[in-house]
Structures are given as structure tokens and as C-alpha cells.
Amino acid sequence: MWCSLPRPDAERQLCDYCQQALPVLPYQLCHYNLLFLPAIARGLKGAKFDRLLCLSHYQQPYQHWIPRWKYHTDLAAGQLLTQQMCLLLASYSNMNMPLPQALTFVPLHWRKQRQRGFNQAQCLAEALGHQLQLPVLGLFAKLASPSQRGLNRRQRLRNLRRSFSLIPQYPKLPAHVAIVDDVITTGATANALTRLLRRAGVSTVSVWTLTVTPAPDHSA
């Protein structure tokens, strides 16, 4: 999936050399919570959630693989990204970091999901839930609104007003819930969903995404 050389092991999409060449984030500096890194916190000002876990900044090769999965139904790219997130969560668990009691995911509007055929955030959440033996709850509904793609922070916040609702199907939610998505940019979507969870009695909200968009002043 990166160097294009054949692999004898079908369970992995990357060879050892490509795996070692992937960009990483300095988790040893932030106790597996990226909100403690100033370079990331600057881009997520006013974060309402408590913890953030991502594979990398939104850069190559993730910048190629994520759109391939989302917009071109490249299931091999989706499998690769899921494998990488599972590896990160294995390290997270081995460090005895606090696990949520349940996972949920950022929803798509039903028209967009029918057009795309799947919700990549839901697919990722289900894979992580299977690995960690955690329930995956479909907690949110998405109302019709323009796409967030290409919008700045102020436009995203305006766009997200009343864009989500909490589905009233669970009488009591766990104290700690993780929201799963593919990319976090300004944190506007995660904040909107966190507010709904807080109102429903959730005390700790983690956000798990594949990548985080660098702050405007970030230099690689």
C-alpha cells in the first residue's frame, strides 16, 4: 500500500520498512493525551472533550489513504488505516491508560451514507470495539447541513449549530465514552457531540481519530 512491493502476510498492508517510516506523534511527552501538546492544543482551542488520541498529523501518506477510503471506497486503504489504529490502541492499553466503557462514532446524514455506502467512522469504531471488547453505541443522528470540508473554524461552528441530536434509546450512558472519527480539524464536531454527551450524564469524553489537522502555525 505504500512501497508497492508484495507482502507474504495478508494480515498486514505495510512491510516493516514502511511501518517504521510512518510519521508518529510524541506520545511519550503527553501520556497518550494529545491535548497536552501545545502544537496540537493551539489548533483545538476551547476543546470540550478530555482526551485525544490520533495516529499522526494529517499529512502524507495518511493524506492519501484517508480520502481513498472515504471517497473512492478503497477498502484496502480502510483496512490499512484500521490496522494502524488497532496497533496504536494496543500500545495505549499496554500502558494502562484509561479505557472508555463504550465507543460511539460521528454519524453521517442518511442521504450521504446511502450515497457513500458506509460510514468510515462507524467501521473504524466497530473494529476498535472488537479489539478492545467494548460496546459500540450508535448515539447520534446527523441532520441535513452543508459539508464541513474546506470550512474555517468560524464557518464550521456556524454550520454545526443544531446539526446533531442524541438518539434517546439508551436510558443511561457510561461515565466514559470515546468518540471515533477519521480526522479532527478544529474540534467543532467533537465539541458538538461532547456537549450532547455531557447533557446525558457522561463525565469523561475521549476522541479517537486517525489524524489531526496541524495548527496553522505548525511546522513539521
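First, a word on scope: everything that follows refers to the structure included in this document. Fair warning: this is a prediction, and the values are worked out from it, not measured in the lab.

### Concerning the sheet that holds strand β5 (residues 176-184)
Right, on to step 1. With parallel pairing, the four strands of this open sheet are ordered in space as β1-β6-β5-β2. Of all the strands in the sheet, just β1 (51-57) and β2 (102-105) have a single pairing partner and so form its edges. Averaged over all pairs of adjacent strands, the angle between their axes in this sheet comes to 20°, without regard to strand direction.
Right, on to step 2. Two elements, β1 and strand β6 (residues 204-212), share six bridges in a ladder whose sense is parallel. Bridge pairing in β6 links Leu-52 to Val-207.
Right, on to step 3. Packing against the sheet, helix α3 (residues 62-72) makes contact with β1, β5 and β6, and its axis sits at approximately 105° to β6.

### Some words on the side chain of Thr-186
Right, on to step 1. Structurally, Thr-186 can be placed in the loop between β5 and α8 (188-199).
Right, on to step 2. A polar side-chain atom of Thr-186 sits 3.3 Å from the main-chain amide nitrogen of Ala-188.

### Quick look at the nonpolar core
Right, on to step 1. With 64 residues, the main nonpolar core has Leu-52 and Trp-208 as its most contacted residues.
Right, on to step 2. Looking at this core, the elements with two or more residues in it are β1, α3, α4 (75-94), β2, α6 (120-132), β5, α8 and β6.

### Overview of the pairing of β5
Right, on to step 1. Counted residue by residue, β5 has nine buried out of nine residues, so it is predominantly covered.
Right, on to step 2. Looking at chain direction, β2 and β5 are connected through four bridges and run parallel. Across the sheet, the residue bridging to Ala-102 is Val-177, located in β5.
Right, on to step 3. Each parallel crossover has a hand, and for β5 linked through α8 to β6 it is right-handed.

### Overview of the packing of α3 against α4
Right, on to step 1. In contact at an axis separation of 8 Å, α3 and α4 are set at 125° when each is read in the N-to-C sense. Classified by the angle between their axes, α3 and α4 sit oblique to one another. As for the relative orientation of α3 and α4, their crossing is left-handed in sense. For the pair formed by α3 and α4, the contact residues are Tyr-62, Trp-65, Ile-66, Arg-68 and Trp-69 on the first element and Ala-77, Gly-78, Leu-80, Leu-81, Thr-82 and Gln-84 on the second.
Right, on to step 2. Here the residues of the contact of α3 with α4 sort into seven nonpolar, three polar and one charged.

### What to know about the packing of aromatic side chains
Right, on to step 1. Applying the stated criterion across every chain yields a total of six aromatic pairs.
Right, on to step 2. Note on Tyr-32 and Tyr-92: the rings are 5.7 Å apart at their centroids and 75° apart in plane angle, and the pair reads as edge-to-face. Within this pair, whereas Tyr-32 is found in the loop between α1 (16-21) and α2 (38-41), its partner Tyr-92 is found in helix α4, the two being separated by 60 residues in sequence.
Right, on to step 3. For Tyr-32, a relative accessible area of 14% puts it in the buried group.
Right, on to step 4. Take Tyr-92: its relative accessible area is 1%, and that puts it in the buried class.
Right, on to step 5. Summarising the aromatic geometry, the rings of Tyr-62 and Trp-65 are spaced 5.7 Å apart at their centres and angled 85° between planes, so their arrangement reads as edge-to-face. Taken together, the residues Tyr-62 and Trp-65, both in helix α3 and three residues apart, mark about one turn of the helix.
Right, on to step 6. With a relative accessible area of 2%, Tyr-62 lands in the buried category.
Right, on to step 7. In this structure an aromatic cluster arises from ring pairing among Tyr-27, Tyr-32, Tyr-92 and Trp-208.
Right, on to step 8. Sitting above the plane of the Phe-164 ring, Lys-142 keeps its charged end 5.4 Å from the centroid.

Scoring rules and cut-offs
Residues numbered from 1 in each chain as written. Predicted model: local features only at pLDDT ≥ 70, side-chain atom pairs only at ≥ 80, totals over all residues. Heavy atoms only, no water. Pairing = 2+ DSSP bridges. Helix = DSSP H or I, 4+ residues; strand = E, 2+ residues; numbered from the N terminus. Axes fitted to C-alpha atoms, helices over the stretch in contact; angles between N-to-C directions. Contact = heavy atoms within 4.5 Å. Polar contact = N/O pair within 3.5 Å; in protein donor to acceptor, adjacent residues only side chain to side chain. Core = buried A, V, L, I, M, F, W, Y, C linked by side-chain atoms within 4.5 Å. Buried < 20%, exposed > 50% of the residue type's maximum accessible area, 1.4 Å probe, protein only. Right-handed = clockwise from strand over helix to strand, strands pointing away. Parallel < 35°, antiparallel > 145°, perpendicular 65-115°, else oblique. Left-handed = near helix turned anticlockwise from the far one by under 90°. Nonpolar A, V, L, I, M, F, W, Y, C, P; charged D, E, K, R; others polar. Phe/Tyr/Trp six-rings, centres within 6.5 Å; stacked < 30°, edge-to-face > 60°. Lys NZ or Arg CZ within 6 Å of the ring centre and 35° of its normal.

Nothing here speaks to function; it is geometry throughout.
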